[in-house]
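Read off the chains here:
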Amino acid sequence: MARTPSVMLPLGTIAPDFNLPDTVSGKIISLKDFQGCKGLLVMFICQHCPFVKHVEQELAKIGHDYGSQNLGIVAISSNDAENYPDDSPANLKQMAEKLGFNFPFCYDETQEVAKAYQAACTPDFYLFDSDFRLVYRGQLDDSRPSLDIPVTGKDLRDAIASLLAGKPINPDQKPSLGCNIKWKS
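Trainee: Even after reading the chapter, I still don't get the sheet that holds strand β7 (residues 121–122), so can you show me in this structure?
Mentor: Sheet strands pair by backbone hydrogen bonding; their relative direction is either parallel or antiparallel. A sheet is described by the order of its strands in space; here 3 strands give the open sequence β1-β10-β7, paired in antiparallel fashion. Pairing within the sheet leaves two strands with one partner each, and these edge strands are β1 (3–5) and β7. Of the strands in this sheet, β1, β7 and β10 (177–180) are in contact with helix α1 (residues 50–66), which crosses β10 at around 130 degrees.

Below, the structure written as structure tokens:
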């Protein structure tokens with residue numbers, strides 16, 4: 001498990017488009033599916049990473065807490081499933097169903113979407129406004145698997161609450177930290 005920080009894509013960056021299969025429904029999900037939303041949360045996660053396992057319940061809660069507030073949410077796994085079979089589409093589907101995700105959990109087999117977003121780790125979070133401009137990127141909160149700090153989602157939740165309320169988002173943002181994305185050779 002390589003501890004890898006997020007890249008911190010520049011604020012204001014336009015969300016790269018994607019067309020990825022949802023591991024649960026099989027439906028192709030793209031950026032246009034979220035047009036008309038107040039914002040879009042893109043989360044790069046996977047099934048096997050201890051950093052994701054540490055926060056997975058909170059990710060499901062965020063989906064339930066904000067899904068009805070016109071916030072688009074999509075999770076994407078870009079890990080090499082051949083070398084990391086726990087992150088295969090079938091296992092991602094199982095994870096989504098077990099946790100009760102109410103948002104698509106897509107598989108980025110070519111890893112092109114992760115590269116376009118400059119995703120570096122799992123979990124890696126990107127929050128975009130209604131024009132798909134990046135307003136937050138960084139950590140969920142200060143909790144880590146090795147720290148005795150409860151998982152609250154504070155940093156990401158504060159950004160989401162500000163976005164939904166039409167308030168400025170604090171530009172002082174800390175990088176996420178997690179396992180590196182498992183790139184294909």
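Trainee: Would you explain the nonpolar core in this entry?
Mentor: Side chains of nonpolar character tend, in soluble globular proteins, to be buried together. Within the largest apolar cluster, 37 residues are counted, with the highest numbers of intra-cluster contacts made by M43, I45, F101, L127 and I160. By residue number, the principal contributor to this core is α1, which donates 7 residues.

Trainee: What should I look at first to understand helix α4 (residues 154–165) in this one?
Mentor: Each α-helix winds once per 3.6 residues, and so residues spaced three or four apart point in a common direction. Between its first and last C-alpha atoms α4 spans 16 Å; for 12 residues at 1.5 Å apiece the expected length is 16 Å, and the two agree. If you check which residues of α4 are buried, you get L156, R157, A159, I160, S162, L163 and L164. On its buried face, α4 is in contact with β4 (39–44), α1, β5 (71–77), β8 (124–129) and β9 (134–138). Two residues or fewer after α4 comes G166, characterised by a positive phi angle close to 75 degrees.

Trainee: Is there a simple way to think about α1 in this case?
Mentor: Between its first and last C-alpha atoms α1 spans 25 Å; for 17 residues at 1.5 Å apiece the expected length is 24 Å, and the two agree. Along α1, the largest kink reaches about 50 degrees and is centred on E56.

Trainee: Please explain the environment of G153 as it appears in this structure.
Mentor: With respect to the element layout, G153 can be found in the loop between β9 and α4. Not counting the four nearest positions on each side in its chain, G153 is found in contact with E58, L140 and D141.

Trainee: Can you walk me through the sheet that holds β8 in this structure?
Mentor: Reading across from one edge, β6-β5-β4-β8-β9 is the order of the 5 strands in this open sheet, with mixed pairing throughout. Each edge of the open sheet carries a strand with a single partner, namely β6 (105–107) and β9. With direction set aside, neighbouring strand axes in the sheet form an average angle of 20 degrees. The pairing of β5 with β6 spans 3 bridges and is parallel. Within β6, the residue paired with S77 across the bridge is Y107.

Trainee: How do you make sense of the pattern of salt bridges when you look at a structure like this?
Mentor: Pairs can form between side chains of opposite charge once their charged atoms are near each other. Going through the model one piece at a time under the given rule, you end up with 7 salt bridges. Ionic pairing is found between E56 and K98, a salt bridge with its closest N-O pair at 3.7 Å. Separated by 42 residues along the polypeptide, E56 in helix α1 and K98 in helix α2 (residues 89–99) bring together distant segments of the chain. Owing to a relative accessible area of 11%, E56 belongs among the buried residues under this scheme.

Trainee: What is the right way to read the side chain of D80 from this model?
Mentor: Locating D80 in the fold gives a position in the loop between β5 and α2. Buried charge D80 goes without a salt bridge, the closest partner of opposite sign being K184 at 5.3 Å. Looking at D80, its side chain comes within polar contact range of the main-chain nitrogen of E82, at 3.0 Å.

Trainee: Got a minute to help me understand empty space enclosed by the protein in this structure?
Mentor: To locate leftover empty space, one rolls a probe as large as a water molecule over the atoms. In this structure the tally under the stated criterion is 1 cavity of 30 Å³ or more. Of the volumes computed, that of the largest cavity is approximately 80 Å³. Considering the residues around the largest cavity, the lining is formed by F51, H54, V55, P123, F125, L140, D141, S143, R144, P145, S176 and L177. If one sorts the elements of the lining of the largest cavity by residue count, α1 sits on top with 3 residues. Of the residues assigned to the lining of the largest cavity, the class counts are 7 nonpolar, 3 polar and 2 charged.

Trainee: Where do I start with the pairing of β4 in this structure?
Mentor: The side chains of a regular strand alternate between the sheet's two faces. The element β4 is extensively covered by neighbouring structure, given that 6 of its 6 residues are classed as buried. Here β4 shows no split at all, with G39, L41 and M43 on one side and L40, V42 and F44 on the other all buried. Where β4 meets β5, 6 bridges bridge the pair, whose relative direction is parallel. In the sheet register, L41 faces β5, and the bridge partner there is I73. Running through α1, the crossover from β4 to the neighbouring parallel element β5 is right-handed. Relative to β8, β4 is paired through 6 bridges, and the arrangement is antiparallel. Looking at β8, one finds that L41 is bridged to L127.

About the thresholds
- Residues numbered from 1 in each chain as written.
- Predicted model: local features only at pLDDT ≥ 70, side-chain atom pairs only at ≥ 80, totals over all residues.
- Heavy atoms only, no water.
- Pairing = 2+ DSSP bridges.
- Helix = DSSP H or I, 4+ residues; strand = E, 2+ residues; numbered from the N terminus.
- Contact = heavy atoms within 4.5 Å.
- Axes fitted to C-alpha atoms, helices over the stretch in contact; angles between N-to-C directions.
- Core = buried A, V, L, I, M, F, W, Y, C linked by side-chain atoms within 4.5 Å.
- Buried < 20%, exposed > 50% of the residue type's maximum accessible area, 1.4 Å probe, protein only.
- Expected span 1.5 Å × (residues − 1).
- Bend = angle between axes of the 7 residues up to and from the residue.
- Salt bridge = Lys/Arg side-chain N within 4 Å of Asp/Glu carboxyl O.
- Lys, Arg positive; Asp, Glu negative; His and termini not counted.
- Polar contact = N/O pair within 3.5 Å; in protein donor to acceptor, adjacent residues only side chain to side chain.
- 1 Å grid on protein atoms, 1.4 Å probe; cavity = no way out; pocket = protein on both sides within 12 Å on 5 of 7 lines; lining within 4 Å.
- Points joined across faces, edges and corners; volume = space filled by probe spheres on them.
- Nonpolar A, V, L, I, M, F, W, Y, C, P; charged D, E, K, R; others polar.
- Right-handed = clockwise from strand over helix to strand, strands pointing away.

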